[in-house]
Amino acid sequence: LVTGRAAYVDEISASMERDIKLTSFVSLAAVVGLFWLGFRRLWPLVGIAVLLAISALLATAMGGLVFGSLNVVAIGFCSILFGLGDDFSLLICQRYYRASADGLSRRDAIAQALKLSGPGIFWVALTTATGFLALCFAGSPGFRQLGALVAIGVLLASGIMLIILPLFLHGKMPPTAKDTAFLNYAKRCHSQPLPLLKVGGVLGFLGLILCFSPWRTLQFDLTPASLEPTRTPAAKALALMMSRFPDTFEPVIAVVRNPDVHKLAALDQAMDEAKTAGLITSYSSPKPLVLLQQTFLENRKTLRGRDLTETAMTLSAVLDQHGLEPAAFRETFRLFEGMSEPSSGAAWGAFLPENSAWWFLIDRMISSDGTMAAAQIQTPEDITWNDRLLLSEKLSGISGVSATGWSQTLASLVPWARGELLTFGGAVFGVIAIILAFVYRDWRAWTLHLAAMVASMALAATILKLLNVPINILNVLALPLVLGVGVDYGTHIILASREGSENQNSLAQVLKPVWISGLTTICGFGALVLAMNPALSGLGAVCAVGVFSCLIMAFLLVAPGACLIARLAPDKIPA
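Residues numbered from 1 in each chain as written. Predicted model: local features only at pLDDT ≥ 70, side-chain atom pairs only at ≥ 80, totals over all residues. Heavy atoms only, no water.

Enquirer: I tried to follow the overall build of the chain on my own but got confused; where do I start?
Expert: A tally of helices and strands in the chain yields 19 helices and four strands. Going through the 575 residues of the chain one by one, you find that 50% of them count as buried. For the chain, long-range pairs separated by at least 24 residues make up 81% of all intrachain contacts whose partners lie at least 6 apart in sequence. About 27300 Å² of surface is accessible on the chain, with carbon and sulfur atoms providing 64% of the total. (Helix = DSSP H or I, 4+ residues; strand = E, 2+ residues; numbered from the N terminus. Buried < 20%, exposed > 50% of the residue type's maximum accessible area, 1.4 Å probe, protein only. Contact = heavy atoms within 4.5 Å. Areas by Shrake-Rupley, 256 points an atom, 1.4 Å probe, with all protein chains shown as cover.)

Enquirer: Before we go on, may I ask you to explain the pairing of strand β3 (residues 372-378) in this structure?
Expert: Consecutive side chains along a regular strand alternate between the two faces of the sheet. The element β3 is extensively covered by neighbouring structure, given that six of its seven residues are classed as buried. Bridge analysis of strand β1 (residues 252-257) against β3 gives six bridges, and the strand direction is antiparallel. Residue pairing in the sheet places I253 in a bridge with Q376 of β3. Strand direction decides the pairing type here: strand β2 (residues 282-284) and β3, joined by three bridges, are antiparallel. (Pairing = 2+ DSSP bridges.)

Enquirer: Looking at this model, I keep getting lost on a nonpolar patch on the surface. Mind explaining?
Expert: A cluster of nonpolar residues, W36, L37, L42, W43, V46, V50, I54 and L58, forms a patch on the protein surface that exposes about 760 Å² of accessible area. Per-element tally for the nonpolar patch: the top contributor is helix α2 (residues 42-67), with six residues. Structurally, the position occupied by V50 is in helix α2. (Patch = residues over 30% accessible without salt bridge, like charges linked within 9 Å, V, L, I, M, F, W, Y side chains within 5 Å. Salt bridge = Lys/Arg side-chain N within 4 Å of Asp/Glu carboxyl O.)

Enquirer: So what exactly am I meant to see when it comes to the sheet that holds β2 here?
Expert: In a beta sheet, neighbouring strands pair by backbone hydrogen bonds and run either parallel or antiparallel. The sheet built from four strands is open, its strands ordered β2-β3-β1-β4 with antiparallel pairing. Unpaired on one side and paired on the other, β2 and β4 (401-404) mark the two borders of the sheet. For this sheet the average axis-to-axis angle between neighbouring strands, irrespective of direction, equals 20°. With four bridges connecting them, β1 and β4 associate as antiparallel partners. Bridging across to β4, A254 finds its partner in A403. Where helix α9 (residues 261-276) meets the sheet, its contacts fall on β1, β2, β3 and β4, and the angle it forms with β1 comes to roughly 160°. (Axes fitted to C-alpha atoms, helices over the stretch in contact; angles between N-to-C directions.)

Enquirer: Would you take a moment to explain the packing of aromatic side chains for this structure?
Expert: The description of an aromatic ring pair rests on the distance of the ring centres and on the angle between the ring planes. On inspection of all chains with the given rule, the structure shows five aromatic pairs. Arranged with centres 4.9 Å apart and planes meeting at 75°, the rings of F122 and W123 form a pair that is edge-to-face. Between Y185 and F555, the aromatic rings sit 5.9 Å apart at their centres with planes inclined by 45°, giving tilted as the arrangement. With Y185 in helix α6 (residues 180-191) and F555 in helix α19 (residues 534-568), the pair connects residues that are 370 residues apart, well separated along the chain. (Phe/Tyr/Trp six-rings, centres within 6.5 Å; stacked < 30°, edge-to-face > 60°.)

Here you go:
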């Protein structure tokens, strides 16, 4: 078995190519398959695949210019981009085929499709890019790159689709691809919106209740395994070693800078108190191994006052007197020789030979120059992150002492993750709310859409609780992503509901591409579950659930609500 940091890095690097190919292929295959089921047209399908690939390549090139090299987490942007970028193509195709079926020429049908789809595509690209750009302010370099790449890719895809995709549009929609079901649903939203609103309202209300209820709390996985690869050979070897040598792995390390008598005594006292309080089970103190400068100087002064040559001669005489072999005491005589010429430094390198068997212990607890020392601390298996933070505070209260370690670092990231959730989630929600207010210029549509977004987040959290899907520290960044993506569906629907008196036909033309694009986006995020990097696969799972919730709320809340607003006060809808 081979494991360790070098093996981990090598195997993760090798898995990057696999993750890129697999997740991108699955996402692109989902886009192609769902488009074919919806439209049954070959040339637009070829155009969409080519344009999405061009958008991904351009985004990768621009990301390389900005960041220099791409982090392992950022490799998931291709599958996400494919799931998002096809939204624009679906809307354009649906509008074109509907206009063509109404008898317009190809040129006029393209013009009408771009006229009706252009504003929605522009605002949707802007809100989606805003959601992902929020990750640029995250503490994780990988997620900063992921957010920037997806934002660049979405903006590029929106422009490329509007400019180039019409070249691939020809003919009319085949009879097998009619959207009768969506037309019927649009008519029902227009004629009977209240029953649908009740269903959506009840679902959203139940989501809010279950989301904040103590029943079956949301699972947070703070173990190192939640961020480590588990299927690579090095990871399997490490897992086996950890099961066989449990006390060797995952220690809390108390690092002492410039150790002296007072710091080491205070550290031992703090670790004794923590053991009494049940925060730790055992510890190995570096105190016996630290060569203190003051003690070293005093000992050197004492040695200079002694005649070690005379002591060695006396030992030789005693050995001869009792008939003992002097060769058996060779190391003792070497010690006398070394003590007669004291070293000028207080580091172990001045006293132990390179082949000494004690280096395995010295290297774990004392730095090579003697300016730092480390205590190894074992914690209970059921220790909570609050207990870890308390232990860190207790140790860090000593001057020059800090607590570290992989598990300890994860625990310290919990407050950071909560801050990220509130800061970035709130910032993205606020920016999106401002953009929507400018787009709609109608407080009723604005309130409806924001309420649907809140209900979507509550429903997503409830689904995660019901499915026992664990959330690791980095998955909290999924919230701004879901907000940036999920707002698209409601925007398209509300804008379509304002297109004249026959808004049920306009709504029907939007419902189909919104539904297909929602499914492709879910597949795009879901493809990340296949990645070997747990942080990336967890992000995909959480985002897929969030997008699904947004899609459901868009159909059950936004669509009937927008029709109701348009029917009650059509003269008050801004142009």
